[in-house]
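Read off the chains here:
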Amino acid sequence: MLPSPPAGAGVDPRLVVRAQAGDREAFASLAAGSIGRLNGVARLILRDRDLADDAVQDALVAAWRNLRALREPDRFDAWLNRLLVRACYDHARRGTRRRVVELQVAAIDEPATSDAQTATALHDQFERVLGRLPTEQRATVVLVYYLDLSLPEAAATLGIPVGTVKSRLHRALQSLHAIVDADDRSSIQKESLA
């Protein structure tokens, strides 16, 4: 149900080593190759485009500043994911930004198909349901199901034990099922009253 992340072939460790030596163009290449994935992850975790953009920027700035501390250049993606999740947590804690509501409106002269309506309804339901989860559970769901990280990789990215990742996923999935069931019940009640 989650959209698939942008495809990535991994990072060339030689490019990371060049960036660690201060090569700005090498870092720009690393950032350009990661920006789509980072934006997708941040938007799923934070549920706000502006906050997500800020978190991605903060993660990339932290990466540039701390790149020399990265001991294993072949782990750049995992390290960058961890920086991003931390930045997302920081922005979620602050949460002072005003919420923006976006509406998608179909053009009047273009009839909407039932497949498009169904896809839109499912997407909207997914967005509502995911948005109700606490940030920590949402981040765990995104890392495991969107980035397709293994449980140990997600635990390393979040800086928590594997057991905590498992319990967060379990609670998140229970919450998701409960929310979907409640939404279904309320829509059935609305239909019966109409």
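Looking only at helices and strands, the protein chain has eight helices and zero strands in total. Mapped in sequence order, the helices and strands of the protein chain form the string α-α-α-α-α-α-α-α. For the protein chain, buried positions account for 36% of its 194 residues. Restricting the contact set of the protein chain to residue pairs at least 6 apart, pairs at least 24 apart contribute 71%. Carbon together with sulfur atoms contributes 52% to the accessible area of the protein chain, which is approximately 12100 Å² in total.

This part covers the pattern of salt bridges. Following the criterion strictly, the structure yields five salt bridges and no others. Across the pair R14 and D12 runs a salt bridge, and its minimum N-O distance is 3.1 Å. Of the charged contacts, one joins R93 and D90 as a salt bridge, the two residues approaching to 2.9 Å between their closest N and O atoms. Of this pair, R93 and D90 both sit in helix α4 (residues 76–94), three residues apart, which is roughly one turn of that helix. By relative accessible area, which is 59% here, R93 ends up exposed.

This paragraph deals with the packing of α4 against helix α6 (residues 135–146). Two numbers describe how α4 lies on α6: the axes approach to 11 Å, and their chain directions differ by 150 degrees. Considering their axes alone, α4 and α6 lie roughly antiparallel with respect to each other. Every pair of crossing elements has a handedness; the one defined by α4 and α6 is right-handed. Between α4, through V85, Y89 and A92, and α6, the contact on the second element is made entirely by T135, E136, A139 and L143. Residue classes in the contact of α4 with α6 are distributed as five nonpolar, one polar and one charged.

Take the confidence of the model for the protein chain next. For the protein chain, the mean per-residue pLDDT works out to 83, and 82% of the residues sit at or above 70. Per-element confidence in the protein chain is highest for helix α3 (residues 49–66), whose mean pLDDT is 95, and lowest for helix α5 (residues 114–131), whose mean pLDDT is 76. Here residues 98–103 is modelled with pLDDT under 50, and outside its nearest four sequence neighbours on either side it reaches six contacts, counting other chains as well.

Within the chain, R47 stands out as a residue other than glycine whose phi angle is a positive 65 degrees. Locating R47 in the fold gives a position in the loop between α2 (24–46) and α3. Backbone geometry at D148 places phi at a positive 60 degrees, although glycine is not the residue there.

Here is what the cut-offs are and how they apply
Residues numbered from 1 in each chain as written. Predicted model: local features only at pLDDT ≥ 70, side-chain atom pairs only at ≥ 80, totals over all residues. Heavy atoms only, no water. Helix = DSSP H or I, 4+ residues; strand = E, 2+ residues; numbered from the N terminus. Buried < 20%, exposed > 50% of the residue type's maximum accessible area, 1.4 Å probe, protein only. Contact = heavy atoms within 4.5 Å. Areas by Shrake-Rupley, 256 points an atom, 1.4 Å probe, with all protein chains shown as cover. Salt bridge = Lys/Arg side-chain N within 4 Å of Asp/Glu carboxyl O. Axes fitted to C-alpha atoms, helices over the stretch in contact; angles between N-to-C directions. Parallel < 35°, antiparallel > 145°, perpendicular 65-115°, else oblique. Left-handed = near helix turned anticlockwise from the far one by under 90°. Nonpolar A, V, L, I, M, F, W, Y, C, P; charged D, E, K, R; others polar. pLDDT = per-residue confidence, 0-100.

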